[in-house]
Amino acid sequence: MATVTLNKAEKTYPNGYKAIHGIDLKIDDGEFTVLVGPSGCGKSTLLRMIAGLEGISDGEISIDDKVVNKVAPADRDIAMVFQNYALYPHMNNYDNMAYGLKNRGHSKAEIDAKVREAARILQLEDYLERKPRQLSGGQRQRVAMGRAIVRQPKVFLFDEPLSNLDAKLRVDMRLEIKNLQQRLGITSVYVTHDQVEAMTLADRLIVMNGGVAEQIGSPIDVYERPASQFVAGFIGSPAMNFLKGKASDDKKHVTVGDGVELELDHDVEGGRDVTVGIRPEHLQMHSDGHGRIDAGVRMVESLGAETLAYLDFGANADNVTLRLQGTHQFTQGQKLNLSVPAEKIHLFDVESGKRI
Amino acid sequence: MKRVQFEHSAVPYLFIAPQILIISIFFLWPAVQALYQSFLLEDAFGLSSQFVWFRNFEDVLSSSSWTRSAIFTVVFSVLVSVLSIAISLFLAVRADEVIRGAKTYKTLLMWGYAIAPPVAGLLGIMMFNPLMGDLYMVFNSFGFEFNHIENPNDAAFVVILIAVWKQVSVNVIFFLSGLQGIPKSIQEAATLDCKSPERRFWTITFPLLAPTTFFLLVINLTYAFFETFGIIDVSTKGAPGGSTATLVYKVYVDGFLGADMGGSAAQSVLLMIMVSVLTVFQFRFIERKVHY
């Protein structure tokens, strides 16, 4: 049981590249925190700094109020699950799980009990005598998880643990990880670039971009009130539609495309240029023509449960994606009449990308 | 399981023909010649020869100088292999940990590879020259009474030193590439699981280097058996009194200098048998334990 605190944590590489620009964060006891962002955003670096695999250039990282900047990785009482499993190929699965305990001087009987218990939880009992290479990807990842849980560490660190698995297995393992973490109640930090994993696993989501935490909040909060255009575009699939817009003089509307006025639920400075964000699932289609947006169908993807339509909007033929439940038949060039509820419109500053 | 056999043309045989030709001319034919010659007794001028069955072998096996050479070869090969592997493993692991100037260290460690064995032998023997050799002076200034020209043990020390020095660079190259082959994440996982670097080395790094080490053991034994010929010929020439003559060197001395063709051929046949047995042994019993 532990908390993890980052106090202006920074990472500058010897070549001068600054990977992490001062991150402040407090992870509560038992909380499942997910670091999400595109590749190169520094999420893995941050995780590795917590693990002690990367040094901390400035600021402090504490586990349970004890500063660990100079503490060796093995003494931080953390366990990490790697993307490529990182199992010891020359040891059988039992020894893989027992290795960390052996080095910490636990008795043989104690080690055996812990390994068997972990194997039971992860359904690995039949595979303990085998070598990692004799297992499938999902089983290997389970052994890697077993290696982490036998130690009952203060903090679990996950570095994209599901990226090497196929799609179906990824969903199964995702549920398993969530389940396991809730059962064990161990503080966890999880790194992923997959926003579905991020949304489903996180108690709290940290969206990172360019070494900065763009937004920290619950998954739903991040989805409903993205703090910046970057977050808005990154979270949600298909990605949010962005249109150039201008606030009207009455401060209650915003104009997009060829003078289409959309109603807002909050006031905005009149005449200001803004970026208007609308999620594909929040566009509503009307057959009676009283929507304000008209757009022509360019391409359609039918997924069965839902239909994605890619539309051309306005004179500049801006791309707009529409997401509808169920199946729909559209022909190319067909005009659709759409509207969007005022509370579902997001406005961002054109320069800074910050939410207005 | 039945494997699919496709019809193919003669082209593949054409491609392997050069290699077959080389093996036939430089190995199979001489081997057969040696086997044939080992049954012959030839006069010193090579004018007449007589078929004597196994007498050459009896002479060789009962001669004390051959036994002595065989014992020296075994001791020499084991020491050269073990020492050069141990030293190069240590150097490679340390060089691998270096962050600043890693390339320079690695290049310098590999440098010795470019030196031919006779040149290494020449360098070595100059270092031990009683008149101007630096190492000779150093040892004697400590009061060792070091004299490789008269003392067999000192002479053995000199050839072993040169042979190890020459081989370390080759081993370093292989160990460095072996270390590169260990995934970084496995080493990182180990740093989370085990605090002591020494323990980590013996439980993770060393077992994962086992295939490299085994390969090098084979290569180094072969090297010590055969390729040290140049070193010995340039440095001690088997002196004093044949105490530093390996079996290969003795074959050359007895056959080409002593003109005992039959005896020399018998020795090389025995050598061939020993090496075959050694190779089979290595692959049978050691390789089985190193694969993971």
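Treat the numbers as computed from the prediction; the structure is a model and nothing was measured.

1. Points about the overall build of chain B
Secondary structure summary: chain B contains 13 helices and two strands in total. Considering only C-alpha atoms, chain B reaches an extent of 75 × 75 × 30 Å along its principal axes. Partitioning the intrachain contacts of chain B with sequence separation of at least 6 by distance along the chain shows that 70% fall at a separation of at least 24.

2. What to know about the overall build of chain A
Scanning chain A from terminus to terminus reveals eight helices and 20 strands. For chain A, the spread of C-alpha atoms along the three principal axes comes to 75 × 45 × 35 Å. The proportion of buried residues among the 356 residues of chain A is 38%. Pairs at least 24 residues apart make up 64% of the contacts formed inside chain A by residues separated by at least 6 positions.

3. Details of the UniProt feature "transmembrane region" (unreviewed entry) in chain B
All names here are of chain B. According to UniProt, the feature "transmembrane region" (unreviewed entry) maps to residues 12-32, 70-93, 105-128, 155-179, 200-226 and 265-286 in the numbering used here. End-to-end, the C-alpha atoms of residues 70-93 are 34 Å apart, and along that stretch the chain is 100% helix and 0% strand. Along residues 200-226, the helical share is 96% and the strand share 0%, with 36 Å between the first and last C-alpha atoms.

4. So, the domain arrangement of chain A
All names here are of chain A. We note that the domain assignment places domain 1 (4-234) and domain 2 (241-349) within chain A. The gap between the C-alpha centroids of domain 1 and domain 2 is 39 Å. Between domain 1 and domain 2, the residue contacts involve four residues of the former and five residues of the latter. Partitioned by chemical class, the residues of the side of domain 1 that touches domain 2 number two nonpolar, two polar and no charged.

5. Overview of helix α1 (residues 11-37) of chain B
Residues and elements named next belong to chain B. Its 27 residues place the ends of α1 37 Å apart at the C-alpha level, agreeing with the 39 Å of an ideal helix rising 1.5 Å per residue. In α1, a bend of some 40° at Ser24 exceeds every other bend along the element. With two of its 27 residues buried, α1 lies for the most part at the surface.

6. Side note on the UniProt feature "domain: ABC transporter" (unreviewed entry) in chain A
Summarizing the sequence annotation, UniProt attributes the feature "domain: ABC transporter" (unreviewed entry) to residues 4-235 of chain A in the numbering used throughout. Between the C-alpha atoms that bound residues 4-235 of chain A the distance is 25 Å, and the span itself is 36% helix and 25% strand.

7. Describing the packing of helix α4 (residues 102-110) of chain B against helix α7 (residues 152-180) of chain B
All names here are of chain B. Between α4 and α7, the shortest axis-to-axis distance is 8 Å and the interhelical angle comes to 140°. Relative to α7, the element α4 lies oblique. In contact with Lys106, Leu109 and Met110 of α4, α7 contributes Ser169, Val172, Ile173 and Leu176. Classifying every residue of the contact of α4 with α7 by side-chain character gives five nonpolar, one polar and one charged.

8. Describing the sheet that holds strand β20 (residues 346-349) of chain A
All names here are of chain A. With antiparallel pairing, five strands are arranged side by side in an open sheet as β13-β12-β11-β14-β20. Every interior strand has two partners, whereas the edge strands, β13 (260-263) and β20, have only one. The mean inter-strand angle of the sheet, taken between neighbouring strand axes irrespective of direction, is 40°.

9. Remarks on the packing of α7 of chain B against helix α10 (residues 210-227) of chain B
Residues and elements named next belong to chain B. Interhelical geometry of α7 versus α10 gives an angle of 160° and a closest axis separation of 11 Å. Classified by the interaxial angle, the pair formed by α7 and α10 is roughly antiparallel. Helix-helix and strand crossings are classified by hand; for α7 and α10 the assignment is right-handed. Touching Ala163, Gln167, Asn171, Phe174, Phe175 and Gly178 of α7 are Thr212, Phe215, Leu216, Asn220, Tyr223 and Ala224, all from α10. For the contact of α7 with α10, a count of residues per class yields seven nonpolar, five polar and no charged.

10. Notes on the confidence of the model for chain B
Taken residue by residue, chain B gives an average pLDDT of 86. The fraction at 70 or more is 96%. Quick note on the complex model: pTM equals 0.80, ipTM equals 0.83.

11. Quick notes on the sheet that holds strand β19 (residues 335-339) of chain A
Residues and elements named next belong to chain A. One open sheet accounts for five strands, arranged β15-β19-β16-β17-β18; its pairing is antiparallel. Single-partner strands in this sheet number two, and they are β15 (284-286) and β18 (318-325). Sheet twist, expressed as the average angle between the axes of neighbouring strands with direction ignored, equals 50°. With eight bridges connecting them, strand β17 (residues 306-313) and β18 associate as antiparallel partners. Bridge pairing in β18 links Tyr310 to Thr321.

12. A short note on the pairing of strand β3 (residues 32-36) of chain A
Residues and elements named next belong to chain A. Within β3, five of the five residues are buried, which leaves the element mostly enclosed by the surrounding structure. Neither face of β3 is exposed, since Phe32, Val34 and Val36 on one face and Thr33 and Leu35 on the opposite face are all buried. Where β3 meets strand β8 (residues 187-192), five bridges bridge the pair, whose relative direction is parallel. When the bridges of β8 are listed, Val34 appears paired with Tyr190. For β3 and strand β9 (residues 204-209), the ladder comprises four bridges, and the chain directions are parallel. Bridging from a neighbouring strand, Thr33 pairs with Arg204 of β9.

13. Some words on the nonpolar core
Judged by nonpolar contacts, the single largest core of 135 residues is most densely connected at Val34 and Leu157 of chain A. When residues are assigned to domains, this core turns out to be shared by domain 1 (4-234) and domain 2 (241-349) of chain A, each giving three or more. The contacts of Leu157 of chain A, once residues within four sequence positions are left out, are Leu47, Ile50, Ala51, Ile78, Met80 and Val189 of chain A. Ala34, Val60, Trp66 and Met261 of chain B belong to the second-largest nonpolar core, a separate cluster that totals seven residues.

14. Focus: the pairing of strand β2 (residues 18-27) of chain A
As paired strands, strand β1 (residues 4-12) of chain A and β2 of chain A are joined by six bridges and run antiparallel to one another. Bridge pairing in β2 of chain A links Ala9 of chain A to Ile23 of chain A.

15. A closer look at the environment of Ile204 of chain B
Locating Ile204 of chain B in the fold gives a position in helix α9 (residues 197-208). Judged by C-beta crowding, with 23 C-beta atoms within 10 Å, Ile204 of chain B ranks as buried.

16. So, α10 of chain B
End to end, α10 of chain B covers 24 Å across 18 residues, agreeing with the expected 26 Å (1.5 Å per residue, within 8%). Taken together, the buried positions of α10 of chain B are Thr212, Thr213, Leu216, Asn220, Tyr223, Ala224 and Phe225 of chain B.

17. A short note on the environment of Phe90 of chain B
Residue and element names in this part refer to chain B. For Phe90, the location among the structural elements is in helix α3 (residues 64-97). Take Phe90: there are 13 C-beta atoms within 10 Å of it, and that puts it in the partly exposed class. Residues Phe90 and Phe175 lie 85 residues apart in sequence; the distance between their C-alpha atoms is 9.5 Å.

18. Points about the environment of Leu35 of chain A
Residues and elements named next belong to chain A. Looking at the secondary structure, you find Leu35 in strand β3. Judged by the 28 C-beta atoms lying within 10 Å of it, Leu35 is buried. Taking the C-alpha atoms as reference, Leu35 lies 9.8 Å from Phe158; in sequence the two are 123 residues apart. Leave out the neighbours within four places in its chain, and Leu35 touches Lys43, Leu46, Leu47, Val189, Val191, Ile206 and Met208.

What counts and how
Residue positions are given per chain, counting from 1 as you read along its sequence in written order. Lettering of chains starts at A and numbering of ligands starts at 1, both following the order in which they are written. A pLDDT threshold of at least 70 governs which residues receive local features in this predicted model, and a stricter bar of 80 or more applies before side-chain atom pairs are shown or counted, although totals over entire chains, interfaces and linings include all residues. Put simply, DSSP H or I for four residues or longer makes a helix, DSSP E for two residues or longer makes a strand, and each gets a number counted from the N terminus. Two residues form a contact once the distance between their C-beta atoms, set from the backbone, is within 7 Å. For every residue, the other C-beta atoms within 10 Å of its own C-beta are counted; 20 or more classify it as buried, 12 or fewer as exposed, and values in between as partly exposed. C-beta atoms are placed from the backbone. UniProt positions are given in the numbering used here, feature names are shortened, and annotations may be inferred rather than shown by experiment. Domain boundaries shown here were taken from an automatic or database domain assignment. When residues are sorted by character, Ala, Val, Leu, Ile, Met, Phe, Trp, Tyr, Cys and Pro go into the nonpolar class, Asp, Glu, Lys and Arg into the charged class, and all the rest, Gly among them, into the polar class. In a helix, the anticipated span is given by 1.5 Å times the number of residues less one. One fitted axis covers the seven residues ending at a residue, a second covers the seven starting there, and the bend at that residue is the angle between these axes. Here an axis means a line fitted to C-alpha atoms, over the contact stretch when the element is a helix, while the angle between two N-to-C directions is reported on a 0 to 180 degree scale. Any angle from 65 to 115 degrees is called roughly perpendicular, while one under 35 is roughly parallel, one over 145 is roughly antiparallel, and all others are oblique. We call two strands paired when DSSP finds no fewer than two bridges between them. Note on convention: near helix rotated counterclockwise from far helix by under a right angle means a left-handed crossing. Clockwise means right-handed. Confidence of the predictor at the level of single residues is given by pLDDT, which spans 0 to 100. The term nonpolar core refers to a set of buried Ala, Val, Leu, Ile, Met, Phe, Trp, Tyr and Cys residues connected through C-beta atoms within 7 Å.

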